[in-house]
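Architecture at a glance
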Amino acid sequence: MEHEIKVYETQNKTGNRILDAMLTNKSMVCQKREIELKVIMEGQSLSFMDDMDISALFGNMLDNAIESAEKQQEKQKRLIWLYVTKEKQFVRIRTENYCDEKVRFKNGMPVTTKKDRRLHGYGMKSIKSTVEKYHGSVVAAQENNWFELKILLPAGG
């Protein structure tokens, strides 16, 4: 019964069934890794996007944030924020996670910290490609040990 309660607690009702499934899955991953995932979401604002693009975009964003957050030794620093809001003719998507590792950037995007660079960095390339498909922009930054990925999409693609 405890397991069923935990599954129920991780279920999301965003207004977008693909996001609901994705967030439920990622919430369970976060729970297992003792990461707190906070979501502020207007999922219906993404109705113009293809389901596969939503899945790839949010999957990569959250996978990167989870990978970074789980490196934190102090549990209270294992925190990820995900925002999706609609403002006028735009949809704003943003992830934030605590990251005390110094991130290097090239052209507004983070450079992989993994040892074998040939096998990594595809998540960010996928994010950038998906955002460009919808004529949007993406930029990453790090300030005061917080990593932030910001996406701006024209509502309606």
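In this section: the pattern of salt bridges. Inspection of the entire model under this criterion finds 13 salt bridges. Across the pair D53 and K133 runs a salt bridge whose closest N-O atoms are separated by 2.7 Å. Of this pair, D53 sits in helix α3 (residues 51–69) while K133 sits in helix α4 (residues 122–133), placing them 80 residues apart in sequence. Between E132 and K128 there is a salt bridge, with the nearest N and O atoms lying 3.5 Å from each other.

According to the stated counting rule, one finds 3 aromatic pairs in the structure shown. Here F48 and Y134 contribute two aromatic rings whose centre-to-centre distance is 5.9 Å and whose plane-to-plane angle is 70°, an arrangement assigned as edge-to-face. Within this pair, whereas F48 is found in the loop between β1 (36–41) and α3, its partner Y134 is found in the loop between α4 and β6 (137–143), the two being separated by 86 residues in sequence. Here the aromatic rings of Y98 and W146 are separated by 5.7 Å at their centres, their planes lie at 90°, and the arrangement is edge-to-face. Here Y98 is found in strand β3 (residues 90–98), whereas its partner W146 is found in strand β7 (residues 146–154), with 48 residues between them in sequence. Directly above the aromatic system of Y83 lies the positively charged group of R94, at a separation of 4.2 Å from the ring centroid.

Basis of the calculations
- Residues numbered from 1 in each chain as written.
- Predicted model: local features only at pLDDT ≥ 70, side-chain atom pairs only at ≥ 80, totals over all residues.
- Heavy atoms only, no water.
- Salt bridge = Lys/Arg side-chain N within 4 Å of Asp/Glu carboxyl O.
- Helix = DSSP H or I, 4+ residues; strand = E, 2+ residues; numbered from the N terminus.
- Phe/Tyr/Trp six-rings, centres within 6.5 Å; stacked < 30°, edge-to-face > 60°.
- Lys NZ or Arg CZ within 6 Å of the ring centre and 35° of its normal.

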